[in-house]
Amino acid sequence: MDRIARSAAIIDGKQFAADLLGDIRLKVATLKENTGKVPGLAVVLVGSDPASTVYVGSKHRQTTAAGMNSFKYELPAETTQQELMALIDRLNVDPQVHGILVQLPLPAHLDAGAVIQEINPDKDVDGFHVSNAGRLATGSPALVPCTPLGCMMLLKDRLGPDLAGLHAVVVGKSNIVGKPMAQLLLAENCTVTVVHSRTRNTAELCRAADILVVAAGRPGLVRGDWIKPGAAVIDVGINRVEQDGKSRIVGDVAFDEAGHAGAITPVPGGVGPMTIACLLSNTVTAFCRLNNTSAA
Ligand SMILES: Nc1nc(=O)c2c([nH]1)NC[C@@H]1CN(c3ccc(C(=O)N[C@@H](CCC(=O)O)C(=O)O)cc3)C=[N+]21
């Protein structure tokens, strides 16, 4: 392959998320002035998975930094399904709580699907409830899953608001990233291809992408020659790998081979920080809809 001596623009998700959090802080202040109330986010953690504990701590800090209420529920690993469902039922009717997030994965004895479907869809700030998935698919006002929402913000910031006609390829078909990402891109009138582990010509399909969103959970899956020169590449992967005896985090894209992309998100510092910022944004959205108000 001939060398293309260009270097891809780095999409700074960390900075974008910081700016977004600043906007959210201002909105929260306005809402407080207008309504006397502030948005509240309840985060439920079952057990003490170290990564989950870190994420939940970060969500808690950023929620309070934005001027919102954060209610943290840290439950023991042996919590029963009924106990967890009872907590959701209470949060569903708690007027101080506008967003409910149950940190995943849950311990194996718990039915995560049933727990998520128990959440009031209007407080489902993860956007995982079937009602929100259906609203997104049909173009009704929905709470949109945070990671795809963050990816879409980064894409529009880079490419402009009109994505119509661009060929978007989504790698991965999960309910929390791949599928809602495809729906968002379709809503923007992109031509959308979803590829996954059973796809036969993944590399060839990826090479046709103007927009490539990768959420496969496999480090370095997307090689340089899968990327069309000039494409916008969004790497959703967060993989902990051992390298030279050290643990570090890498994405699903072989970043060092992607110099010919038009733009690419790094890992860390790309999509990850956007996920948390969008969680707070969704909490403000839920607050506004529940209170029939806006921060405009
Ligand atoms: N109900 C639920 N909703 C979630 O949104 C959810 C979840 N469960 N379970 C776990 C995953 C993971 N997740 C991340 C959020 C932010 C970063 C993030 O900010 N990452 C930084 C730092 C990475 C690091 O150094 O650890 C970055 O990519 O730059 C990563 C991962 C949300 N999740």
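Note that the structure is a prediction, hence the values are computed from the model and not measured.

J.: Before we move on, can you summarise the site of the ligand with the specific residues and values?
T.: Close to the ligand lie 16 residues, the nearest being Leu104, Pro268, Gly272, Pro273 and Thr275. Listing elements by their share of the shell around the ligand, those giving two or more residues are strand S4 (99–102) and helix H9 (271–290). Looking at the shell around the ligand element by element, the count peaks at four residues for H9. For the shell around the ligand, the class distribution of residues is eleven nonpolar, four polar and one charged.

J.: Help me get a handle on the environment of serine 58, residues and values and all.
T.: Along the chain, serine 58 falls in helix H2 (residues 50–65). Residue classification places serine 58 among the partly exposed positions, given that 13 C-beta atoms sit within 10 Å. The sequence separation of serine 58 and asparagine 175 amounts to 117 residues, and the corresponding C-alpha distance is 24 Å.

J.: Tell me about the UniProt feature "binding site: NADP(+)" (unreviewed entry) in the protein, residues and numbers included.
T.: On the UniProt side, "binding site: NADP(+)" (unreviewed entry) is annotated at positions that read Gly172, Lys173, Ser174 and Ile238 here. Assignment of secondary structure puts lysine 173 in the loop between strand S5 (167–171) and helix H7 (178–187). Within the element layout of this structure, serine 174 appears in the loop between S5 and H7. Those residues in contact with serine 174, other than ones at most four positions away along the chain, are Lys179 and Ala215.

J.: Describe H2, listing the residues and the values that go with them.
T.: Here H2 is 16 residues long and its end C-alpha atoms lie 23 Å apart, about the 22 Å a rise of 1.5 Å per residue gives. Buried within H2 are the following residues: Val56, Lys59, Gln62 and Thr63. Along the long axis of H2, the arc covered by the buried residues comes to 135°, so they all point the same way. When the buried face of H2 is taken as reference, the exposed residues oriented beyond 90 degrees from it are Pro50, Val54, Arg61 and Thr64. Just downstream of H2, glycine 67 is the residue with a positive phi angle, here 90°.

J.: Account for the sheet that holds strand S8 (residues 232–235), naming residues and giving values.
T.: Within the open sheet, the six strands sit side by side as S1-S11-S8-S7-S5-S6. Their pairing is parallel. Edge positions in the sheet fall to strand S1 (9–10) and strand S6 (191–195), since each has one partner strand and no second. For S5 and strand S7 (residues 211–214), the ladder comprises four bridges, and the chain directions are parallel. When the bridges of S7 are listed, valine 169 appears paired with leucine 212. Docked against the sheet, helix H6 (residues 146–159) engages S7, S8 and strand S11 (263–264), running at close to 160° with respect to S8.

J.: So what's going on with the domain arrangement of the protein? Residues and values would help.
T.: By a widespread convention, an interface's size corresponds to the accessible area lost as its parts come together. Examined at the domain level, the protein breaks down into domain 1 (36–120) and domain 2 (145–272). Taking the mean C-alpha position of each, domain 1 and domain 2 sit 28 Å from one another.

J.: An account of the sheet that holds strand S3 (residues 69–75) is needed here, citing residue identities and associated values.
T.: One open sheet accounts for three strands, arranged S3-S2-S4; its pairing is parallel. The sheet terminates laterally at S3 and S4, the two strands that pair on one side only. The mean inter-strand angle of the sheet, taken between neighbouring strand axes irrespective of direction, is 15°. Sheet topology note: the strand S2 (residues 40–46)/S4 ladder contains four bridges and is parallel. Residue pairing across strands places leucine 41 opposite glycine 99, the latter belonging to S4. Across the face of the sheet, H2 comes into contact with S2 and S3 while running at roughly 170° to S2.

J.: So, H6: which residues are in play, and what are the values?
T.: Taking 1.5 Å of rise per residue, the 14 residues of H6 would be expected to cover 20 Å, and the 20 Å separating its terminal C-alpha atoms lies within 8% of that figure. Among all positions of H6, only Cys146, Thr147, Pro148, Leu149, Gly150, Cys151, Met152, Leu154 and Leu155 are buried. Lining the buried residues of H6 we find helix H1 (13–35), H7, S7, S8 and H9. In the stretch just after H6, glycine 160 is the one whose phi turns positive, near 95°.

J.: I'd like a rundown of the pairing of S3, residues and numbers included.
T.: Two strands pair when backbone bridges link them, and S2 and S3 are joined in this way by seven bridges, in the parallel orientation. Residue pairing for S3: valine 43 is matched across the bridge by lysine 72. For the crossover from S2 across H2 to S3, the handedness is right-handed.

Calculation criteria
Residues numbered from 1 in each chain as written. Predicted model: local features only at pLDDT ≥ 70, side-chain atom pairs only at ≥ 80, totals over all residues. Near = placed C-beta within 6 Å. Helix = DSSP H or I, 4+ residues; strand = E, 2+ residues; numbered from the N terminus. Nonpolar A, V, L, I, M, F, W, Y, C, P; charged D, E, K, R; others polar. Buried ≥ 20, exposed ≤ 12 C-beta atoms within 10 Å, placed from the backbone. UniProt positions renumbered as here; feature names shortened; annotations may be inferred. Contact = placed C-beta atoms within 7 Å. Expected span 1.5 Å × (residues − 1). Arc of directions from axis to C-beta. Pairing = 2+ DSSP bridges. Axes fitted to C-alpha atoms, helices over the stretch in contact; angles between N-to-C directions. Domains from an automatic or database assignment. Right-handed = clockwise from strand over helix to strand, strands pointing away.

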